[in-house]
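Letter by letter, the chains look like this.
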Amino acid sequence: MSDGINQSLPLIDGHIHLPGREMCDKLLADLKYTGTRKFAVQNIGRSRHDPDGKGFRQALEMKQRMPEEVFVFGGLDFSDITDGAYKPRVPLVEQVQKLRDMGCDGLKLLTGKPDFRKFVGHPLDGALFEPMLKWAEETRFPVLWHVGDPPEFWSEHTVPPWARTRGWWYDSTVPKKKQIDEEIERVFLRHPKLNVTLPHFFFLSDRLDDAAKLLDTYPNYALDLAPGVEMYHNFTANHAKARAFFIKYADRILYGSDFGMGCGWGQDRGMMIRRFLETDDRFDVPEDPAMTPDERPKLHGLNLPADAVRKICVDNFVRRVGAKPRSLAADVDTLMKRWMV
Ligand SMILES: [Zn+2]
């Protein structure tokens, strides 16, 4: 661990994914190396990419094995997509109630990611989602909702090199950024009390005034720090203002690493975030399949006061989700039978 990192901080990682089973030992080792004590597995749900809900089963199994450490944010069942639109057999509000009854700690939504928005085929503010969002708002059930993407992802010519080589950019069939922004704005107006965390800083890292406006308007909303490494470049380029923002809004920002992504990850992605928060170091972006090659200038840490670091890395998650993971209501086989209707 590098100098200036507080080794006694009981770090909670609010945003990781489970890779294939053969990679789980490495994942747990990398979380430990980062100083992570508890973590929230984000499962994107069942779909034609995972028709048997294997990812969800794996998340529940890990929660069963490590009940003090593992939070699970469950996803919806997207297997009923026909003719480019989602027609769920089980209403979404029932699905999310079932997730909570099973012992999940929150709901993960990927419906605002542009390619997923296209795949689902319903506007974010559409009638399909409304009862579920109303329920989540009333119950304060935690939601981690990926909405948008960095603007450069809408063109082959501006997308970063690591993404271009994987074909990760959006063609004209994918909803535009403006459309997604308008849809989510209507959701926000309708559900101001949603216990929602918007990952990747809601892609506002280069628009801190807009981020401040969002957080001031919606006191229940929060942002997470899972890279997009562009966030850390944007904060570095605007260092004094970013530091002031992080101190002012320390109650509204959550640590998250996105460890475990399917494309692979570097061991130091979590440590990069910690170093950025806790030290004044200038350092290169560490090797990582979703961050490098990266020719941009070094990152420059914010060296935040200890109490701000503690809120971002521990307390905000505890307040919004809980100090202790919820208990599973039954063994995993029974729960999966209940889930797979
Ligand atoms: Zn993620």
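Residues numbered from 1 in each chain as written. Predicted model: local features only at pLDDT ≥ 70, side-chain atom pairs only at ≥ 80, totals over all residues. Heavy atoms only, no water.

Draft legend 1. Representation of the overall build of the protein chain within the structure. In terms of regular secondary structure, the protein chain is built from 13 helices and twelve strands. The C-alpha radius of gyration of the protein chain comes to 19 Å, within 12% of the 20 Å expected for a compact globule of 341 residues. The C-alpha extent of the protein chain, read off along each of the three principal axes, is 50 × 45 × 40 Å. Put simply, the protein chain has 341 residues, and 57% of those count as buried. On the protein chain, roughly 14,400 Å² of surface is accessible, and the fraction owed to carbon and sulfur atoms is 52%. Here the protein chain contributes 49 positively and 50 negatively charged side chains, and the mean placements of these two sets differ by 3 Å. (Helix = DSSP H or I, 4+ residues; strand = E, 2+ residues; numbered from the N terminus. Rg over C-alpha atoms; globule rule 2.2 N^0.38 Å. Buried < 20%, exposed > 50% of the residue type's maximum accessible area, 1.4 Å probe, protein only. Areas by Shrake-Rupley, 256 points an atom, 1.4 Å probe, with all protein chains shown as cover. Lys, Arg positive; Asp, Glu negative; His and termini not counted. Charge placed at Lys NZ, Arg CZ, Asp CG, Glu CD.)

Draft legend 2. Representation of the pattern of salt bridges. Here the structure, examined in full by the defined rule, presents 24 salt bridges. With a closest N to O distance of 3.0 Å, Asp209 and Lys241 form a salt bridge. One end of the pair, Asp209, is in helix α8 (residues 208-217); the other, Lys241, is in helix α10 (residues 239-248), with 32 residues separating them in the sequence. Assessed through its relative accessible area of 52%, Asp209 is described here as exposed. Through salt bridges with shared partners, one network takes in Arg21, Arg57, Glu61 and Asp333. (Salt bridge = Lys/Arg side-chain N within 4 Å of Asp/Glu carboxyl O.)

Draft legend 3. Highlighting α10. Among the residues of α10, His239, Ala242, Phe245 and Phe246 are the ones counted as buried. Looking straight down α10, one finds its buried side chains confined to an arc of 125°; they lie on one side. Opposite the buried face of α10, by more than 90 degrees, sit the exposed residues Ala240 and Lys248. Looking at the buried residues of α10, the elements they touch are α8, α9 (230-237), β10 (253-254), α11 (269-278), β12 (299-300) and α12 (306-320). (Arc of directions from axis to C-beta. Contact = heavy atoms within 4.5 Å.)

Draft legend 4. Up close: the side chain of Asp80. Its location among the elements puts Asp80 in the loop between β3 (70-74) and β4 (81-82). A distance of 3.0 Å separates the side chain of Asp80 from the side chain of Arg89, its partner in a polar contact. Setting aside chain neighbours within four positions, we find Asp80 in contact with Ala85, Tyr86, Lys87, Pro88 and Arg89. (Polar contact = N/O pair within 3.5 Å; in protein donor to acceptor, adjacent residues only side chain to side chain.)

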